[in-house]
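As a plain string of letters, each chain reads:
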Amino acid sequence: MKLVVEQVVGYMLKVMKSGIKITTYRYEFNAIRHADYGTFLNLVKGPLPFMMKWHNGVISEGSHNPNYDCDFEGLYKSGPSLMLFYKKCMMEYGKIEDKDIPDNIFHKVVTFEIAIRMHANNYKLLSTIERTDLITVIEVLCAHKNINETQKEKVQKAREFVNMIKHFKHQFPTWEEGVRHFKEGYKVLIEHDLLIFNNH
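First things first, this report covers the structure right here in the doc. Because the structure is predicted, anything quoted here is derived from the model rather than measured.

This brings us to empty space enclosed by the protein. Following the criterion strictly, the structure yields 2 cavities of 30 Å³ or more and no others. Taken as a whole, the largest cavity encloses approximately 70 Å³ of empty space. Around the largest cavity sit V9, L13, I32, R33, V109, V110, E113, I114, V162 and K166, which together line it. Broken down by secondary-structure element, the contributors of at least two residues to the lining of the largest cavity are helix 1 (4-18), helix 2 (26-33), helix 6 (103-122) and helix 8 (149-166). Counting residues per element, the lining of the largest cavity draws most heavily on helix 6, which supplies 4 residues. Tallied by class, the residues present in the lining of the largest cavity amount to 7 nonpolar, no polar and 3 charged. In this structure, the second largest cavity spans a volume of roughly 30 Å³. Lining the second largest cavity are I116, I138, L141, C142, I147, V155, L189 and L194. Ranked by residue count, the leading element in the lining of the second largest cavity is helix 7 (residues 134-144), at 3 residues. Here the residues of the lining of the second largest cavity are counted per class, giving 8 nonpolar, no polar and no charged.

Next up on the list: the side chain of H119. Its place among the elements puts H119 in helix 6. Residue classification places H119 among the buried residues on the basis of a relative accessible area of 14%. A distance of 3.4 Å separates a polar atom in the side chain of H119 from the backbone oxygen of L194. Setting aside residues no more than four positions away along its own chain, H119 makes contact with L141, D193, L194 and L195.

Before going further, it helps to examine helix 1. Helix length check: helix 1, at 15 residues, gives a terminal C-alpha distance of 22 Å against a target of 21 Å (1.5 Å per residue), a fit within 8%. In terms of burial, helix 1 is a largely internal element, 12 of the 15 residues being buried. What helix 1 keeps buried is the set V5, E6, V8, V9, G10, Y11, M12, L13, K14, V15, M16 and K17. Here the buried face of helix 1 lies against helix 2, helix 4 (71-77), helix 5 (79-93), helix 6, helix 8 and helix 9 (175-191).

Attention now moves to the packing of helix 2 against helix 3 (residues 37-44). One way to put it is that helix 2 packs onto helix 3 with a least axis distance of 8 Å and a crossing angle of 150°. When the interaxial angle is binned, helix 2 and helix 3 end up roughly antiparallel. The hand of the helix 2/helix 3 crossing is left-handed. On the side of helix 2, the interface is formed by Y27, E28, A31 and I32, while helix 3 contributes Y37, T39, F40, L43 and V44. Considered class by class, the residues forming the contact of helix 2 with helix 3 number 7 nonpolar, 1 polar and 1 charged.

Side chains that differ in sign of charge can pair as their charged atoms come close. A full pass over the atoms with the stated rule returns 12 salt bridges. For the salt bridge of E73 with K77, the shortest nitrogen-to-oxygen distance reads 2.8 Å. Placement of both E73 and K77 in helix 4 is noted, with a separation of 4 residues, approximately one turn of the helix. Using a relative accessible area of 4% as the deciding quantity, one classes E73 as buried. Note that K166 is salt-bridged to E113, the shortest N-O span being 3.1 Å. Taken as a pair, K166 in helix 8 and E113 in helix 6 lie far apart in primary sequence, 53 residues in all. Assessed through its relative accessible area of 15%, K166 is described here as buried.

Thresholds, definitions, all that
- Residues numbered from 1 in each chain as written.
- Predicted model: local features only at pLDDT ≥ 70, side-chain atom pairs only at ≥ 80, totals over all residues.
- Heavy atoms only, no water.
- 1 Å grid on protein atoms, 1.4 Å probe; cavity = no way out; pocket = protein on both sides within 12 Å on 5 of 7 lines; lining within 4 Å.
- Points joined across faces, edges and corners; volume = space filled by probe spheres on them.
- Helix = DSSP H or I, 4+ residues; strand = E, 2+ residues; numbered from the N terminus.
- Nonpolar A, V, L, I, M, F, W, Y, C, P; charged D, E, K, R; others polar.
- Buried < 20%, exposed > 50% of the residue type's maximum accessible area, 1.4 Å probe, protein only.
- Polar contact = N/O pair within 3.5 Å; in protein donor to acceptor, adjacent residues only side chain to side chain.
- Contact = heavy atoms within 4.5 Å.
- Expected span 1.5 Å × (residues − 1).
- Axes fitted to C-alpha atoms, helices over the stretch in contact; angles between N-to-C directions.
- Parallel < 35°, antiparallel > 145°, perpendicular 65-115°, else oblique.
- Left-handed = near helix turned anticlockwise from the far one by under 90°.
- Salt bridge = Lys/Arg side-chain N within 4 Å of Asp/Glu carboxyl O.

Following this line, the structure appears as structure tokens:
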């Protein structure tokens, strides 16, 4: 199952890697890539999809409320706004082809951080006040899931590849090597059931 966020944020990551400076829609992009769904919804203001919610034995209809009780609800409610945002970005930045990284890897890069943060939030491992850096999120989530040091290091290497796309600092000698390390770290998430869906 492919998520809308994979296509949209994957495209914007290609824009970043291409060297184009993201000024138009910068705040929207920063909000959605950091999984700040509330800010993203307030900026884009797309329609909210129909949603029935069950909480503590009470069923409610949450389609008209932009707030969310969990990350998955925020991601689901962002769907229509993501499509609006994608259309605007395509108009602004045009089609981007990348010769180093296939699209399916860009899509997995998107869900990599979202999934890690979502699971850490679900286990209540993160501060609700300040945003925790991804290095620390991986550390606490791996400790909680009893993931060994070798596998944890693979996940951290995958994180370095994500940073290589966002902020190129020669984290790996080649993009090919970076992709290889990312795939190994992504497999750890699959093995420990730490994705959003089994969309690998």
